[in-house]
Amino acid sequence: MSETFDAYRKSYGSAVEQSVAFTGLAHEFFLRAKIELMDEMLKTRQFDPSDKHLVDVGCGVGSMHDLLMPMFGRITGVDTSSESIAEARDRHPANVYESYDGQRLPLSDRSVDFALTVCVIHHVPVVQWQSFVDEMRRVVRPGGFICIIEHNPLNPLTRLGVARCAFDADAVLLGKARTEALMRQSGIVDVETRYFLLSPFAVRPLQAIERAFARLPLGGQYLTLGMVR
Ligand SMILES: C[S@@+](CC[C@H](N)C(=O)[O-])C[C@H]1O[C@@H](n2cnc3c(N)ncnc32)[C@H](O)[C@@H]1O
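Residues numbered from 1 in each chain as written. Predicted model: local features only at pLDDT ≥ 70, side-chain atom pairs only at ≥ 80, totals over all residues.

## Looking at the overall build of the chain
Applicable threshold: Helix numbers and strand numbers start at the N terminus; a helix is a DSSP run of H or I with at least 4 residues, a strand a run of E with at least 2. Residue burial is a threshold on neighbouring C-beta atoms within 10 Å of the residue's own C-beta, all placed from the backbone, with 20 or more meaning buried, 12 or fewer meaning exposed, and counts in between meaning partly exposed. In this description, any two residues whose backbone-derived C-beta atoms lie within 7 Å of each other are considered to be in contact.
Within the chain one finds nine helices and seven strands. Taken along the three principal axes of its C-alpha coordinates, the chain extends 40 × 40 × 35 Å. Expressed as a percentage of its 229 residues, the buried residues of the chain come to 41%. In the chain, once contacts between residues fewer than 6 apart in sequence are set aside, the share between residues at least 24 apart is 68%.

Written out as structure tokens, the structure is:
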């Protein structure tokens, strides 16, 4: 898998743009939607990330880091693709980036406050899904959070985007129930999921409506948040 993403060091953003071109929306729109929902959910949990250490597992070229850097105190990005990690490092010299083998995260037990993974698990072999989440839990301190953002397999437009995406040929999509089960099996508590990107067609002004339907499996993606105790 790492070889696949190594080839996208310079073209990851444009490959994503192409796969969602039918929506008429830019990649940035989708990145902001994720961060805004995560921010809202963290506020309801009274978690202030401003002095916290985030690890972004499967960070790729660090597409989300321009938006995450003003929010978190410190960012570490890890990925199996060494080329993507080199690109992320070039783009964001203030952060720490490391490539790894996809098995054991290059971090000590309980060394970060928040572990995030965005559109990564569907690229991980299914037999490794549980150990992937267990690793995230291992490195987060008690009181910290795990956040998984994934495609909603029940949304037909999401499936269309995945089918059109050059690097998604291997994707095995996982739904909310599976993601929540992986978290609970790992001992993560207070697990909750919200769907977002209800329609990829210019939903931003309709955010209140989107939030009202966030418990229904309608949105293009979902965010599952849980706490490490
Ligand atoms: C679709 S990209 C998402 C990149 C980034 N999270 C984003 O949202 O822009 C998937 C990334 O997962 C990485 N990846 C695949 N398997 C992985 C694993 N077992 N551990 C860490 N990263 C992995 C790939 O190298 C790739 O960079």
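## Quick notes on the nonpolar core
Put simply, the rule is: Each nonpolar core consists of buried Ala, Val, Leu, Ile, Met, Phe, Trp, Tyr and Cys residues. Their C-beta atoms, within 7 Å, join them into a set.
Within the largest apolar cluster, 55 residues are counted, with the highest numbers of intra-cluster contacts made by A115, I146 and C147. Here this core gets six residues from one element, more than from any other, and that element is strand 5 (residues 140–151). Residues contacting A115, with those up to four places away along its chain left out, are V55, V57, M136, V139, V140 and I146.

## With respect to helix 5 (residues 82–91)
What counts is decided by this rule: Taken from the helix axis, the directions to the C-beta atoms give the arc we talk about.
The set of residues buried in helix 5 consists of S84, I85, E87 and A88. Looking down the long axis of helix 5, one finds its buried residues gathered within 160° of arc, a one-sided arrangement.

## Re the site of the ligand
To be explicit about the condition: Only the C-beta atom matters for this test: placed from the backbone, it must lie within 6 Å of a molecule or strand for the residue to be near it. Only Asp, Glu, Lys and Arg are considered charged, only Ala, Val, Leu, Ile, Met, Phe, Trp, Tyr, Cys and Pro nonpolar, and every remaining residue, Gly among them, polar.
Every one of the 19 residues lining the ligand counts as a neighbour, but F5, G58, G60, S81 and G102 are closest to it. Its residues assigned to classes, the shell around the ligand shows nine nonpolar, nine polar and one charged.

## Notes on the sheet that holds strand 2 (residues 74–79)
Test applied: DSSP calls a pair of strands paired once it identifies at least 2 bridges connecting them. Simply put, an axis is a line fit to the C-alpha atoms, just over the touching stretch for a helix, and the angle between two N-to-C directions goes from 0 to 180 degrees.
Spatial strand order, 3-2-1-4-5-7-6: seven strands in an open sheet with mixed pairing. Of all the strands in the sheet, the pair left with one neighbour each is strand 3 (96–99) and strand 6 (189–196). Taking the axes of each pair of neighbouring strands and ignoring which way they run, one obtains an average angle of 15° across the sheet. Relative to strand 4 (residues 112–118), strand 1 (residues 53–57) runs parallel, the two being bridged by three bridges. Paired with D56 across the bridge in strand 4 is L116. Running at roughly 145° to strand 5, helix 6 (residues 129–139) makes contact with strand 1, strand 4 and strand 5 of the sheet.

## Quick notes on helix 8 (residues 176–185)
What helix 8 keeps buried is the set K176, T179, L182 and M183. Across the axial projection of helix 8, the buried residues extend over an arc of 130°, all falling on one side. Its buried side turned inward, helix 8 meets helix 6, strand 5, strand 6 and strand 7 (221–227). Once helix 8 ends, the next one or two residues include G187, with phi positive near 90°.

## Things to note about the pairing of strand 7
Burial of strand 7 is extensive: six of the seven residues sit out of reach of the surface. Bridge analysis of strand 5 against strand 7 gives seven bridges, and the strand direction is antiparallel. Bridge assignment links C147 to a residue of strand 7, and that residue is L225. Where strand 6 meets strand 7, six bridges bridge the pair, whose relative direction is antiparallel. In the sheet register, F196 faces strand 7, and the bridge partner there is Q221.

## With respect to the pairing of strand 1
Counting buried residues in strand 1 gives five out of five residues, a clear majority hidden from the surface. Where burial is concerned, the two faces of strand 1 agree: the one with H53, V55 and V57 and the one with L54 and D56 are both buried. Looking at chain direction, strand 1 and strand 2 are connected through five bridges and run parallel. By the bridge assignment for strand 2, D56 is matched with G77.

## Re the environment of A26
Residue position: A26 is located in the loop between helix 2 (12–19) and helix 3 (27–44). With 38 residues separating them along the chain, A26 and M64 place their C-alpha atoms 14 Å apart.

## Describing the packing of helix 6 against helix 8
Worth spelling out the cut-off: Oblique is the label for every angle not falling under 35 degrees (roughly parallel), over 145 degrees (roughly antiparallel), or within 65 to 115 degrees (roughly perpendicular). Crossing chirality is assigned from the near helix's rotation relative to the far helix, an anticlockwise turn below a right angle marking it left-handed and a clockwise turn marking it right-handed.
Closest axis-to-axis distance for the helix 6/helix 8 pair is 9 Å, and the angle between their directions is 55°. Relative to helix 8, the element helix 6 lies oblique. Pair helix 6 / helix 8 crosses with right-handed handedness. Judged by residue contacts, W129, Q130 and V133 of helix 6 engage L182, M183 and Q185 from helix 8. Among the residues forming the contact of helix 6 with helix 8, the class breakdown is four nonpolar, two polar and no charged.

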